[in-house]
Amino acid sequence: MTKNILYSVVGIVLGFFVGFFIANAGGRPRLAPAAGNATASAQAQANGQLPPGHPNVNEGGAGANPAATSAQAQAAMDEADRNPQDFTAQIRAAAIFYQLESLDKAELYLKRSLAIRPDDPDALTGMAHTKYDIGDFPGAASYYEKVLAQRPSDADLRTDLGSTYSRRTPPDYERAIAEFRKALAVDPAHEQALVRLADAALHKGDKATASEAIDKLAAVNPSNASLASLRSNLNGQ
């Protein structure tokens, strides 16, 4: 997926989409209430004050969730669950859990965000990226299409949409190539679009398209890390 996409909510830059493929952090400790909030959180759950869909703060056991180490995540979750109609609270919680690779919770809070503002482009983009990370490529595509209806000139999102077609089962390289071409019509020097166009064309057996994309990529950035493998695959066909 393309990287370095930033979004802000009511002037708060959360970095939701920076580094879309976050490195696996290894063990996932259980999600426990943050210091100072444990009693209140437990009492709220016991009294049924939290709305349906609230993630269990004690779920998962040791090694289950990196949010266990984040008081910020616990505070955002508590705020969002106590204010289920507050869009900013929902998307803030989604952003934090996404950054912590807790994609099930990110998806939950994004669903709530979209229930409040169904056409919000940041929430749509967040859901598209989350679906992609989960491996639901048709689902990701549907959200990319919705946000691209609002932002048709976003080459990053167009490239991501194309990638959903390449990665689904079975792959649809024809549609992927069409989306990568659209991205390149907006930004002819878009490296990821060129890389993915070449890769899709190679899988499709279209050496002419692959060779053209590789040549353009080399002209844009001769140090691109994908060039060697793309050339090797082209020559091996």
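Residues numbered from 1 in each chain as written. Predicted model: local features only at pLDDT ≥ 70, side-chain atom pairs only at ≥ 80, totals over all residues. Heavy atoms only, no water.

(A) Spatial organisation of the overall build of the protein. Regarding its fold elements, the protein presents 11 helices and 2 strands. Going from N to C terminus, the protein has its helices and strands arranged as β-β-α-α-α-α-α-α-α-α-α-α-α. Taking all 237 residues of the protein together, the buried fraction comes to 48%. Across the protein, the fraction of contacts at a sequence separation of at least 24, relative to all contacts at a separation of at least 6, is 60%. Just so you have it, the protein exposes about 10800 Å², and 50% of that area is on carbon and sulfur atoms. (Helix = DSSP H or I, 4+ residues; strand = E, 2+ residues; numbered from the N terminus. Buried < 20%, exposed > 50% of the residue type's maximum accessible area, 1.4 Å probe, protein only. Contact = heavy atoms within 4.5 Å. Areas by Shrake-Rupley, 256 points an atom, 1.4 Å probe, with all protein chains shown as cover.)

(B) The arrangement of unusual backbone geometry in detail. Following T169, the chain continues into P170 via a peptide bond in cis, with omega recorded as -5°. Following the sequence through the fold, P170 ends up in the loop between α7 (155-167) and α8 (173-186). Phi is positive for E101, which is not a glycine, with a value near 65°. Of note, E101 is situated in the loop between α3 (87-99) and α4 (103-116).

(C) Geometry of the environment of A128. Of note, A128 is situated in helix α5 (residues 121-134). Between the C-alpha atoms of A128 and L157, which are 29 residues apart in sequence, the distance is 9.4 Å. Leave out the neighbours within four places in its chain, and A128 touches A140, Y143 and Y144.

(D) Region of interest: the pattern of salt bridges. Evaluated as defined, the whole model comprises 10 salt bridges. A salt bridge links E212 to K216, with the shortest nitrogen-to-oxygen separation between them at 3.3 Å. On the criterion of helical spacing, the pair formed by E212 and K216 is a turn pair, its members being 4 residues apart in helix α10 (residues 207-220). Judged by relative accessible area, E212 falls into the partly exposed class, the value being 42%. (Salt bridge = Lys/Arg side-chain N within 4 Å of Asp/Glu carboxyl O.)

(E) Quick peek at the environment of S211. Turning to its location among the elements, S211 is positioned in helix α10. S211 gets classed as partly exposed once you look at its relative accessible area, which sits at 26%. Residues S211 and L230 lie 19 residues apart in sequence; the distance between their C-alpha atoms is 9.0 Å.

(F) View of the packing of aromatic side chains. Taken as a whole and judged by the stated rule, the model has 2 aromatic pairs. Ring plane angle 10° and centroid distance 5.9 Å describe the contact between F97 and Y109, whose orientation is recorded as stacked. With F97 in helix α3 and Y109 in helix α4, the pair connects residues that are 12 residues apart, well separated along the chain. Side by side, F97 and Y109 carry an identical accessibility label, which is buried. A ring pair is formed by Y132 and F137, whose centres lie 5.0 Å apart and whose planes are at 80°; its orientation type is edge-to-face. In terms of burial, Y132 and F137 fall into one category: buried. Sitting over the face of the ring of Y143, K146 holds its NZ or CZ atom 5.0 Å from the ring centroid. (Phe/Tyr/Trp six-rings, centres within 6.5 Å; stacked < 30°, edge-to-face > 60°. Lys NZ or Arg CZ within 6 Å of the ring centre and 35° of its normal.)

(G) Highlighting the packing of α7 against helix α9 (residues 191-204). Their axes nearest at 10 Å, the elements α7 and α9 cross at an angle of 20°. As the angle between them shows, α7 and α9 are arranged roughly parallel. Like other packed secondary-structure pairs, α7 and α9 cross with a definite hand, here left-handed. The segment α7 lies against α9, with T159, S163 and S166 engaging Q192, A193, R196 and A200. Residues belonging to the contact of α7 with α9 are distributed by class as follows: 2 nonpolar, 4 polar and 1 charged. (Axes fitted to C-alpha atoms, helices over the stretch in contact; angles between N-to-C directions. Parallel < 35°, antiparallel > 145°, perpendicular 65-115°, else oblique. Left-handed = near helix turned anticlockwise from the far one by under 90°. Nonpolar A, V, L, I, M, F, W, Y, C, P; charged D, E, K, R; others polar.)

It is worth stressing that arrangement in space is one thing and function is another; only the former is reported here.
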